[in-house]
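# Structural characterization, general
So you can see what is in the structure, the chains are spelled out below.
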Amino acid sequence: MTTLDAGLVPARRLVVSPVDARFALVPGDRALVSPGDSVVVGAPIIERLRDARLDEFEAPDGVDPIPGGRWQLPVKRGDAAGPTGETMFFWQDRWRVTLGDVADAIESPFAGIVREVQSGTGITIRAAGRGIPGVVALGGPTRGRLQTGAEGELRSGGIDVGSAGTILIVGSRVDAETLTRARAMGISGVVVAGLSSKERRDFIASEARQRAALHRLPPFAVLVLDGAIRRPLAGAVQAVLAALAGHEVAIVTDPPMLVFDRPNLVIPDPPHDLVRIRSGTLSGREGRFVKAVGPRRFAGGVQLEAGLVHLPDGTMAAVPLGDLERFV
Amino acid sequence: MGAATTVAALVGRAGGRWRLIGALSMPAGADLEAVITALGDRAIDADPRLAAALDVHRGEAARDLPRLEVVSHAPRRLAVVAASDRAVDPLVATATRSGWRTVSGSGDSMDPLAMSTMLLDATVTGILVGAGDPPAADERRRLGEMTALIAAIAERRPELTIILAGGMAEHLGAFGDVGRRKGEVMLGPAATVDVPGGPLADLLIELALPHDDARRALGTGAVALAEVLDRRVDVVEIGFDGGARASAAPGVGGGSPTLDLAVVPDAALAPPDPDDTVVDRVSIWSSTWGADRHRLRDRLRELRIAPWSDAISDGATLRMAAARAALGRLAEWTPEWNDRVGPDLVVATGGVWAVAPAPSIALALEDVLRRPGACQFALDHARILAPLGSIPDADERRAMMTDLVDDLLAPLGTFVTPAGMRPGRSAGSLVVRSGGGESHLDLMPGGLALVDLPPGTAAVAEFQFRDRVKLGGRGKHFAIDVTGGLAGLVVDLRDVPLRLPDRADLRGELLDAWQSVLVSGRDT
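My aim in this report is to walk through the structure given alongside it, one point at a time. (Residues numbered from 1 in each chain as written. Chains lettered and ligands numbered in written order. Predicted model: local features only at pLDDT ≥ 70, side-chain atom pairs only at ≥ 80, totals over all residues. Heavy atoms only, no water.)

## Description of the overall build of chain B
What chain B contains, in helices and strands, is 14 helices and 19 strands. Rg of the C-alpha trace for chain B: 25 Å, near the compact-globule value of 24 Å for 524 residues, within the 12% margin. Projecting the C-alpha coordinates of chain B onto the three principal axes gives extents of approximately 75 × 60 × 55 Å. Of all 524 residues assigned to chain B, the portion counted as buried reaches 56%. Sequence-distant contacts in chain B: of pairs separated by 6 or more residues, those separated by 24 or more amount to 69%. As displayed, chain B has an accessible area near 20,900 Å², and 51% of this comes from carbon and sulfur atoms. (Helix = DSSP H or I, 4+ residues; strand = E, 2+ residues; numbered from the N terminus. Rg over C-alpha atoms; globule rule 2.2 N^0.38 Å. Buried < 20%, exposed > 50% of the residue type's maximum accessible area, 1.4 Å probe, protein only. Contact = heavy atoms within 4.5 Å. Areas by Shrake-Rupley, 256 points an atom, 1.4 Å probe, with all protein chains shown as cover.)

## Description of the overall build of chain A
Of regular secondary structure, chain A possesses 4 helices and 27 strands. Along the first, second and third principal axes, the C-alpha atoms of chain A reach 80 × 45 × 45 Å. Of all 328 residues assigned to chain A, the portion counted as buried reaches 48%. Of the contacts formed within chain A by residues at least 6 apart in sequence, a portion of 63% connects residues at least 24 apart.

## Let's talk about unusual backbone geometry
Residue A:P255 is bonded to the preceding A:D254 through a cis peptide linkage, with omega at 0°. Mapped onto the elements of the fold, A:P255 is located in the loop between β21 (248-253) and β22 (256-260). For the bond running from B:V496 to B:P497, omega is -5°, close enough to zero to count as cis. Secondary-structure assignment places B:P497 in the loop between β19 (489-492) and α14 (504-520). Phi at A:Q92 is positive, roughly 50°, even though this residue is not glycine. Relative to the assigned elements, A:Q92 resides in the loop between β8 (84-91) and β9 (94-99).

## Overview of the interface of chain B and chain A
The figure often quoted for interface size is the accessible area lost as the parts come together. Each partner contributes to the interface: chain B provides 48 residues, whereas chain A provides 53 residues. When chain B packs against chain A, close to 3,800 Å² is buried across both sides, 64% of that on carbon and sulfur atoms. Contact with chain A buries surface across chain B, with B:L113, B:R156 and B:I312 losing the most and accounting together for 17% of the total. The interface formed by chain B and chain A holds 4 salt bridges in total. Across the pair B:R156 and A:E86 runs a salt bridge, and its minimum N-O distance is 2.3 Å. Run the count over chain B and chain A and you get 15 residue pairs in polar contact (both at pLDDT 80 or more). At 7 residues, the largest contribution of residues to the side of chain B that touches chain A is made by helix α5 (residues 137-156) of chain B. Of the residues in the side of chain B that touches chain A, the class split is 22 nonpolar, 9 polar and 17 charged. (Buried area = accessible area lost by both parts, 1.4 Å probe. Salt bridge = Lys/Arg side-chain N within 4 Å of Asp/Glu carboxyl O. Polar contact = N/O pair within 3.5 Å; in protein donor to acceptor, adjacent residues only side chain to side chain. Nonpolar A, V, L, I, M, F, W, Y, C, P; charged D, E, K, R; others polar.)

## Considerations on the layout of surface pockets
All names here are of chain B. Volume-wise, the second largest pocket comes out at about 1,000 Å³. What lines the second largest pocket is a set of 41 residues, and nearest its centre among them are A9, R67, L68, E69 and P387. Element by element, the count of residues in the lining of the second largest pocket is highest for strand β1 (residues 5-14), at 8 residues. Its residues assigned to classes, the lining of the second largest pocket comprises 26 nonpolar, 7 polar and 8 charged. (1 Å grid on protein atoms, 1.4 Å probe; cavity = no way out; pocket = protein on both sides within 12 Å on 5 of 7 lines; lining within 4 Å. Points joined across faces, edges and corners; volume = space filled by probe spheres on them.)

## Examining the packing of helix α3 (residues 197-212) of chain A against helix α9 (residues 293-305) of chain B
Between α3(A) and α9(B), whose axes approach to 8 Å, the crossing angle comes to 95°. In this view, α3(A) runs roughly perpendicular relative to α9(B), as classed from their interaxial angle. For the pair α3(A) and α9(B), contact is made by A:S197, A:K198, A:R200 and A:R201 and by B:H294, B:R297, B:D298 and B:R301, respectively. Residues of the contact of α3(A) with α9(B), tallied by class, amount to no nonpolar, 2 polar and 6 charged. (Axes fitted to C-alpha atoms, helices over the stretch in contact; angles between N-to-C directions. Parallel < 35°, antiparallel > 145°, perpendicular 65-115°, else oblique.)

## Quick look at a positive patch on the surface
Residues and elements named next belong to chain B. Among the surface-exposed residues, R468, K470, R474 and K476 lie close enough to one another that they form a single positively charged patch. Sorting the residues of the positive patch by element identifies β17 (458-471) and β18 (473-483) as the ones contributing at least two each. Overall, K476 belongs to the partly exposed group, its relative accessible area being 36%. (Patch = residues over 30% accessible without salt bridge, like charges linked within 9 Å, V, L, I, M, F, W, Y side chains within 5 Å. Lys, Arg positive; Asp, Glu negative; His and termini not counted. Charge placed at Lys NZ, Arg CZ, Asp CG, Glu CD.)

## Some thoughts on the sheet that holds strand β24 (residues 286-298) of chain A
Taken together, 6 strands build an open sheet; the order of strands is β1-β27-β23-β24-β25-β26 (chain A) and the sheet is mixed. Lying at the two open borders of the sheet, with one neighbouring strand each, are β1 (11-12) and β26 (316-320) of chain A. (Pairing = 2+ DSSP bridges.)

## A word on the environment of B:S429
Residue and element names in this part refer to chain B. Here S429 shows up in strand β14 (residues 428-434). Overall, S429 belongs to the partly exposed group, its relative accessible area being 31%. Taking C-alpha positions, S429 is 35 Å from A316, a pair spaced 113 residues apart along the chain. Contact partners of S429, with chain neighbours within four places excluded, come to L441, L443, E462, F463 and Q464.

## Quick notes on the packing of helix α8 (residues 276-284) of chain B against α9(B)
Residues and elements named next belong to chain B. Two elements in contact, α8 and α9, have axes whose closest approach is 10 Å; the angle formed by their N-to-C orientations is 100°. In terms of their interaxial angle, α8 and α9 are classed as roughly perpendicular. Each of D276, V278, V279, D280, V282 and S283 in α8 lies in contact with α9, whose residues at this interface are R293, L296, R297 and L300. Of the residues contributing to the contact of α8 with α9, the split by class is 5 nonpolar, 1 polar and 4 charged.

Laid out in structure tokens, this is it:
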């Protein structure tokens, strides 16, 4: 097999660096950091309004408001500074300002340097560390100690309160009930290979109900590494996760990623001929790519470019190249 | 290079003209140099002398050949706003077929805070704000506040492109010194109700597509093809991030050729977040996936994540169902195509067709883009129409197209679609005369009738209908010149537009039956 042959197999990044994570802001939210700031794990970066509303004010004498700037409301009593809002726009001699009464603090789940702050739009922080990319992350930024869990499908009864504060690796698939229970028991996050659309929808609905109740939710996120159907975690990903077990990691949602800061952790490049079968009857299996064998006719009369894969049990299989992936 | 597929084609001079030597489609994510090298090696295996003459050598030499490259870019997001719902609808219709993903709102349906949140969203890269020209009474009372809001957003996000359409142009002064902004502030014409194309669509396409964009080049490629063939050509593309439709006609009496290009991100094969509408539309076209919505949604998400995976067996039927649903969305966002004279040739292109058998492609196009008349279908199998369209010089482009036109199109077949037949009894008969031979066929409404006419074979099809039908014009007797293809000559006697049973099992049986006509040649 030549390296060029293996180059025909779609590549997927195992670990990415640098990681620029984006934290969304909406009008009224207050960024607590500025570009160039260094943030540590747990540092508050955003004050998020829960009940934003638009009020009208006349600008005080000597003040020249600008859209996107902070609007300082007068002090009601004492010496403490009054509440602030976000200046929106000027219309009919009055400024529209976004205000709210209840705010939550959002903390940085990792250490890093603030790259960009755009009020009302978002904050970008470059993480100190590397990341394992996923396909989607639900919930909000979170952090915790990484803990390996069930290898197959994790059931709600399998969650232990002793895992509170951890990010659980749950293997191939998880349901919404288990996710809801995990959040209720103080788990910080879940890493899973596949999350079906139904479970995803149910979990998002549950999150929305919780937020509507005006309780402050503890940080919780679900990071999906592969897709929507059941398949085991890739061996190369499992190896990195196993090396990170017991250490603090973070989950961010934009881009969906597991972020870790272990500069001394050496992650060897996966063998260039190691491939994983993403789908089909051999889904989840891994093997050595032998060579590309050109177009082959598969079930249903479909002609596809194929490659020969040598599986660990000694058998060889011709697999469509589109069903294969290799980690780089 | 596309978001899902990387295609390499080898073009060389042989016998005094440009010829397509070979092409190779691979999933995106494959190394481009490896794809090119594999293509070169296969050319050598097929004809070593020709490969040597073209300076293609085994290994890495094919990498050194000159390249013509186009890329299909992911569509960007445009926020479309107007003072009233009535004013925002035509703007959305225009923007959605002009290469932009859209979010929209109006002063009627959105409060200023919600509108600000929408406009400040990080994914929004441009704002289209429009009003009637002159603004209607219901717009006028909200225009001032909306202008103040958008001017403030423009100040906060100087990188945004702002398009002031129609009556909004009068409010340009509210945006200050626009020359100093990073993003442009542009004036555009008003959107036209019920006609989503036009000058505003042209402006939006110009802003949406980078200069090396494959869909932009598809338009110029379609024009060159129409000029070379001297026929009206429609090009239909379904891709990972959107669909495109180009209608080109050669110039008449020394005039310039015409082109109408629509780029519809909503017509992507697998939209990023498939809602119930998307899932339902796919299930309508599927005999396998109709019953289980959740499972179908999972498979559509997988199709989005890894578009080339699971392409065999029921994965193949899923792709064709998703392709039909995408074609349906493309047709919906380009309603003006229905009012035009039908094309002589429809060319299908896009990654979705890369793994489908030719007759299935023809049937998918016919199922969705059906109109009474006769039309030939072809496939841009090597995906070189867009790269040829990207050649900057028009004469050079035409010269290349002239040389390559026989190689670039795989003929799928001719479809003849009469409309207005009475169901339940024979509608008439067909005689196909070709090369001294004759085929006779009874025409039974409701199904497909197949005449085996190989690619490159010309024939005359003479129709005798019992009643007057619509087939181009209205009449009982028609003689049509047809050419063969991989699917042959297909007489489509189904309803126009196609009506499918509501019951999933009946619908599935019908879809399977139609499919089997073209794949196995068994009439329905």
